[in-house]
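Residues per chain are reported as follows:
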Amino acid sequence: MKKLWPARVLCLLAVLSIVFVCGCNAFTAERQRRRAYTVRTDLDRMVDDADWLLGLYRPVHSYDETMR
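Fair warning: this is a prediction, and the values are worked out from it, not measured in the lab.

Caption draft 1: The arrangement of the overall build of the protein chain in detail. The secondary structure content of the protein chain amounts to 2 helices and 0 strands. Residue burial in the protein chain is summarised as follows: out of 68 residues, 3% are buried.

Caption draft 2: Here's a closer look at the pattern of salt bridges. Taken as a whole and assessed by the stated rule, the structure comprises 1 salt bridge. Two residues, Glu30 and Arg34, come together in a salt bridge whose shortest N-O distance is 2.9 Å. Separated by 4 residues within a single helix, Glu30 and Arg34 lie in helix 2 (residues 29-54), roughly one turn from each other. We classify Glu30 as partly exposed; its relative accessible area is 45%.

Rules behind the numbers
Residues numbered from 1 in each chain as written. Predicted model: local features only at pLDDT ≥ 70, side-chain atom pairs only at ≥ 80, totals over all residues. Heavy atoms only, no water. Helix = DSSP H or I, 4+ residues; strand = E, 2+ residues; numbered from the N terminus. Buried < 20%, exposed > 50% of the residue type's maximum accessible area, 1.4 Å probe, protein only. Salt bridge = Lys/Arg side-chain N within 4 Å of Asp/Glu carboxyl O.

This is the structure:
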C-alpha cells in the first residue's frame, strides 16, 4: 500500500493541472467563436483537398474557355 500513494499523488497532480489549464477558459465566448470559425473553414477546405486528391484542381486539356 505504501508503494501506491506516489502514483496516486502523481495522477492527482496531473488531473488537477489539466483541469486548471483547460478548465479556466475552455468555454468562453471567444474560444467558441474561434472553434466555430475553424470548423467552418476546415469544412470549406476539405472540398478543395478532395479535388486536389482526385486531380480535379486544374482544368483538363480538352477544356476550352471560349465555349462558355
